[in-house]
Each structure stands twice: as C-alpha cells, then as structure tokens.
Amino acid sequence: MVMASMLVKDNPILLPLNVEKTVYDGFITVQETDLRLRIHLPPDRQLKKAKFHCCLKLKHLLDGYEHIVKQRLHQSTDLVGFILELKTVLEVCLKKLPKCYSIPPPQYYSQLILEMETLGWDKLLFIDTQFQILRMKAEDSSGRQHILTINLKSKHPAEAPECSADLPVPLLLKWTPQSSLNQLYSQFLLVIEALTEFWDVLDEIDAKTWILEPEKPNLSDTMRRIAIANNVSIKVEVDPQHPKMLPECCLLGAEHVVTPLRNNLNANMHLWNPDSGVLQNLQDVLEIEFPSPATHEKSMFSVECGICYSYRFEAAIPDQVCNDPRCSQPFHQVCLYEWLRVLPASRQSFNTVFGECPYCSKPITVKTAAQKS
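Notes on the structure in this doc start here. (Residues numbered from 1 in each chain as written. Predicted model: local features only at pLDDT ≥ 70, side-chain atom pairs only at ≥ 80, totals over all residues. Heavy atoms only, no water.)

## Observations concerning the packing of aromatic side chains
Where we set the bar: For Phe, Tyr and Trp, rings pair up if their centres lie within 6.5 Å, where Trp contributes its six-membered ring, and each pair is then called stacked (planes under 30 degrees apart), edge-to-face (over 60) or tilted (otherwise). Per the convention used, a helix needs a DSSP run of H or I reaching at least four residues, while a strand needs a run of E reaching at least two, with both numbered from the N terminus. We call a charge positioned above a ring when the Lys NZ or Arg CZ atom is no farther than 6 Å from the ring centre and deviates by at most 35 degrees from the ring normal.
Considering all chains together, one arrives at five aromatic pairs under this definition. Taking 5.9 Å as the distance between ring centres and 85 degrees as the angle between the ring planes, the aromatic pair formed by Phe 52 and Phe 82 counts as edge-to-face. One end of the pair, Phe 52, is in strand β4 (residues 51-54); the other, Phe 82, is in helix α3 (residues 79-96), with 30 residues separating them in the sequence. Counting every residue linked through ring pairs, the aromatic cluster contains Tyr 108, Tyr 109 and Phe 131. Its guanidinium or amino end placed over the ring of Phe 354, Arg 347 lies 4.5 Å from that ring's centre, counting from NZ or CZ.

## Some words on the nonpolar core
Spelled out, the test is: To define a nonpolar core, start from buried Ala, Val, Leu, Ile, Met, Phe, Trp, Tyr and Cys residues and group those joined through side-chain atoms within 4.5 Å. Each residue is assigned to one of three classes by its accessible area relative to the maximum for its type, calculated with a 1.4 Å probe on protein chains only: buried under 20%, partly exposed between the two thresholds, exposed over 50%. By definition, residues are in contact when any of their heavy atoms lie within 4.5 Å.
In this structure, Leu 134 and Met 136 are the most contacted members of the largest nonpolar core, which totals 45 residues. When residues in this core are grouped by element, the largest group, six residues, is from helix α5 (residues 181-194). Every residue in contact with Leu 134, bar those within four places of it in the chain, is listed here: Leu 112, Met 116, Leu 124, Phe 126, Ile 127, Leu 148, Thr 149, Ile 150, Leu 152 and Leu 181.

## Quick notes on the pattern of salt bridges
When charged atoms on two side chains of opposite charge get close, those side chains can pair. As a reminder of what qualifies: Salt-bridge detection follows one rule: a side-chain nitrogen of Lys or Arg within 4 Å of a carboxyl oxygen of Asp or Glu.
One pass over the full model with this rule turns up 14 salt bridges. Here Asp 140 and Arg 144 are joined by a salt bridge, their closest N and O atoms 3.1 Å apart. Residues Glu 338 and Arg 341 are paired through a salt bridge, measuring 3.0 Å at the closest nitrogen-oxygen approach. Residue Glu 338 and its partner Arg 341 are both found in helix α9 (residues 333-341); the two are separated by three residues, about one turn of the helix. Via salt bridges that share partners, Asp 140, Arg 144, Asp 200 and Asp 203 belong to a single interconnected network.

## Some details on the sheet that holds strand β8 (residues 162-164)
To be explicit about the condition: Two strands form a pair only when DSSP identifies at least two bridges running between them. Working convention: axes come from line fits to C-alpha atoms, limited for helices to the stretch in contact. Angles between N-to-C directions cover 0 to 180 degrees.
Across the sheet, which stays open at both edges, the four strands sit in the order β5-β6-β7-β8 with antiparallel pairing between neighbours. The open sheet has two edge strands, β5 (124-127) and β8, and neither has a second partner. Across the sheet, the axes of successive neighbouring strands diverge by a mean angle of 20 degrees, strand direction being ignored. Pairing geometry for β5 and strand β6 (residues 133-139), over three bridges, is antiparallel. Bridged to Phe 126 within β6 is Arg 135. Sheet strands in contact with α5 are β6, β7 (145-151) and β8, and its direction is about 45 degrees off that of β6.

This is the structure:
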C-alpha cells in the first residue's frame, strides 16, 4: 500500500520513514491546528494490526474517543481512508473545545492593558486568567451599583465582545473595530441612566410596601406583588421604558374582596397622573392605602397554604383563595390543583378544575398547573 504525501492546506501530511513503507510519520491539520502522529503497520500492511502513536495534544483531544479511533482503524480499507476518518473525529473534538486552542496574539494583551489604563483600573472588579472575561462596576445617578460583564474575543477589537448586565431590557451596545472599552463603558452608563427612573419607582414601592414576590428582587425584575390585606394582593408590572405610566395590574384574592378593588381600578383609571409617583397613583385609583413596613408586620400577610402548610412551595407563595367570605383560606395553585384532580366529585373543563374547598366544602376552581403563566 502506498501513501502519497498530501501538501494541500488542512489535509494530512504523512510520509513513509522506511523502504518497506510500514512506518508513516507526519501531521494532520484540523481547524488550523497541526497535530503530530505516527502509524506503524505490520509487514503485511494490514490496518487491523497497526499501531497508532500521537503527540500529547492529539492524545488529549482523543481522550474518551479511543474506542472510536480503534474501530475506524480496524474498519478502514487503507491508510488514506483511516486518516480522513481520524480528521472527522478530531473536528468533532475541537468543536467541543473551541477556546482551548485559540490563543490571542501578544498585541491583544498590550491593547487591552492600554484600554484599561484609559478607562481606569478602579472600575475593574474581576478579570480571568485568560484576560478575556472582565467585570466592570458602574454607578447610576441614584447611587445604585451595576456590573457590566464583558467577554472579549481573541480578535479584539476587530470582533465585537459579548456584554451582559442585570437589566430589565436587552443590553444593546454598538461596536466597531475602532471601538474601545472606554466607549463601551460610556454606552453602558447611558443605558443605566435611562433606566434610573424605572428603578426609582420600584425602590419607592419596595421601601413603602410589603413585597410578597419576588422575595429578593433583582435589577432586572419588573414585577412586584404588593400586599393589600390578609390574602389580598396586587401584581404590578412596571414598563421600564415608561415607568410612570399605569402598570399592568392583576388583583389576587377572594372575589368578594377583589371585585370592589377591580371596580375602583376600572372606574378611576382616568385619574392616573404621570407627574405623580406610581405608588401614590395606585393608592388613589384603588382608593386604598397599602400597608407599610412602618405600621405592619409582614407575617400578617404571609399566610400558609391550607394544604401543604408552608408559605413558599417551589418559590411560589399561596395565590388561590376560597371565595367564601367565612373561609378565605389561601392555597398554592399547584397544591389546590393536585388536591382537586384526585377527588371523584371534581370535574375539569378545558384548563379549569371545579371542586370543593378542602376547608369549607364551598365551590372552588383552579386553573391547571400547565396553564399557569
């Protein structure tokens, strides 16, 4: 069997080392990476008894794929076919380890240090050992701390970096090959400043009301579930782009309590004043005053589920309530659904289950767990 040397880019380059042509040595190039290998054939040149040797880098890449290489070696009809099979296996390996063999050139590091000196090292919170992931700190006009994570590419600045931050809107930063980290950081400051009014609105709600959900709000959260009374609350979804406008509202609680509040909201919606605070507007249109941390304890609103006897279940709090005024027992949606679905007297229509309250036996309904938004 004769093995011709192939000198085309990305093709294997193997040459026989002896007259018998039983020992071949050379390189196989995959994704611009040269990998050394040597193959020893038996005197009859049968691949089934061939021995395969390789460099440490190639051995590391093939870790876990040895059985596949051995199988390909035994099944290939000739050495050329085996080398092409090996190249296919290596391409799969390299795709799973794309960054391990992509080392930036020296100018990448000098450029990065120069940009950081211009931006200011005091803004840097973290940088990884490969000098590719940076975390920068920033502060908005209200004193909130923000973190911008920048994932630089090996071809920086020719290739745009990946940026992320804890924001209620997508982070869209412009980048060209002429851009710098300083320009990127300046764009981020403009983004967080444009959202300052949104965070001011939520900060006031957080400070002056009892928030049932989320338990620990993030800067990206736009929803707040505010306690109104025992087993009565309202979910508000604030628009980050228009935070002073009337938010989406959803009243939660027993119907005999929620209905008057819903009527007030619909009747007074026209009174909403964008020049006033969102919290004050909510109180005005609902014709109520929210319980505040200054006058109420949160335990007054943290009523346990009547089925599982816990307040939080898989991060959810009770949001289903018996509509009978004499009962008003709260339940987790999933608990009530599981309870009702096994009762013979319960029935289901589309995504709603009809049954009896576990406490007072009055009619109660719950939407199926799969339909919960």
